[in-house]
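# Geometric and topological summary
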Amino acid sequence: MTDRLHPSAVLAPAPDAVPEAAPAKMAVRDLDFWYGPKQVLKSISMEIQPNKVTAFIGPSGCGKSTLLRCLNRMNELIPEAHLEGEVLLDGQDIYGDADPVMVRRRIGMVFQKPNPFPKTIYQNVIWGAGVNGFKGDKDALVEKSLRQAALWDEVKDRLQENAYSLSGGQQQRLCIARTLAVEPDVVLMDEPASALDPIATAKLEETIIELKKRYTLIVVTHNMQQAARISDTTAFFYIGELIEMSQTDEMFTRPHHQRTEDYITGRFG
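Okay, so let's go over this structure.

Tallied over the entire structure, the rule returns zero disulfides. Cysteine Cys70 remains unbridged, with the sulfur of Cys62 as its closest cysteine sulfur at 13 Å.

In this structure the tally under the stated criterion is four aromatic pairs. Between the aromatic rings of Phe56 and Phe237, the centroid separation amounts to 5.1 Å while the plane-to-plane angle is 65 degrees, which identifies the pairing as edge-to-face. Residue Phe56 is found in strand E3 (residues 53-57), and its partner Phe237 is found in strand E9 (residues 233-238); the two are separated by 181 residues along the sequence. You can call Phe56 buried: its relative accessible area is 0%. Geometrically, the ring pair formed by Phe117 and Trp127 is edge-to-face, given 4.8 Å between the ring centres and 65 degrees between the ring planes. Taken together, the residues Phe117 in the loop between strand E6 (107-110) and helix H3 (121-131) and Trp127 in helix H3 connect sequence positions 10 residues apart. Overall, the relative accessible area of 22% leaves Phe117 in the partly exposed class.

With that out of the way, let us pick up the pattern of salt bridges. In this structure the tally under the stated criterion is 16 salt bridges. With a shortest N-O distance of 3.1 Å, Glu161 and Arg158 are connected by a salt bridge. Among the residues examined, Glu161 registers a relative accessible area of 33% and is labelled partly exposed. Overlapping salt bridges bring together Lys25, Asp90, Arg106 and Asp185 as one network.

Right, let's get into helix H4 (residues 138-148). Those residues of H4 not exposed but buried are Leu141, Val142, Ser145, Leu146 and Gln148. When H4 is viewed along its axis, its buried side chains cluster within an angular range of 160 degrees and face the same direction. In this structure, the buried side of H4 is in contact with H3, helix H5 (152-155), helix H6 (168-180) and helix H7 (198-211). For H4, the N-terminal cap is Asp137; the gap from its side-chain oxygen to the backbone nitrogen of Asp139 is 3.1 Å.

The rules behind each value
- Residues numbered from 1 in each chain as written.
- Predicted model: local features only at pLDDT ≥ 70, side-chain atom pairs only at ≥ 80, totals over all residues.
- Heavy atoms only, no water.
- Disulfide = S-S within 2.5 Å.
- Phe/Tyr/Trp six-rings, centres within 6.5 Å; stacked < 30°, edge-to-face > 60°.
- Helix = DSSP H or I, 4+ residues; strand = E, 2+ residues; numbered from the N terminus.
- Buried < 20%, exposed > 50% of the residue type's maximum accessible area, 1.4 Å probe, protein only.
- Salt bridge = Lys/Arg side-chain N within 4 Å of Asp/Glu carboxyl O.
- Arc of directions from axis to C-beta.
- Contact = heavy atoms within 4.5 Å.
- Polar contact = N/O pair within 3.5 Å; in protein donor to acceptor, adjacent residues only side chain to side chain.

Listed below in structure tokens is the structure:
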């Protein structure tokens, strides 16, 4: 197989798959990934269902955050990165003849720590949309995005204040609003609550559950209780391999693999 981080192939249709209640929003096919000579993901294949929350769990260093970054081509920014396999969005290979900027617009990212720009709340929300050529009603877009991120009522009279004046939890929801303003199809979240206190975490979890009405969400978390609360499907990774992926309630009550049971019961991790 060839290095997929710098491809020249045209977009290819998704291969035949087992029929589902709904077509997969994203699919990963036989994905291998290396940082230089070190292979960190091995033969990953999975499907992500639309309008669901999928949680990635597993011990530190198991590859879940690396996989998350493969899903919107962020890892190709690392010179020594090398990927083989396919990542499909609505049946189209995002590593084919696709514009990486457009890929990252359709597949948004929220990072572990809040990273607002040193600008006003309003400017933070509208920034990405403006870069992507948005020509519509900016005020309406800001309000819509902040409402979807469950932040509007808290900041509607403060839109011209600096984003740094917000609390940590509010800053993280602002970053979500900034992502939503670009109108993505999929939202990736890499441990979005790890820097937040319990009250802010609860608010963020409520926001995530509400967002799946409009978006497909994939969330990396070390907190298994959080995965159980917010996700519909959970994938467990160990040393670069996908060990098990199933409905969340099944994963936490009737895991199919002993290694999964050992992890969720706290025997290692």
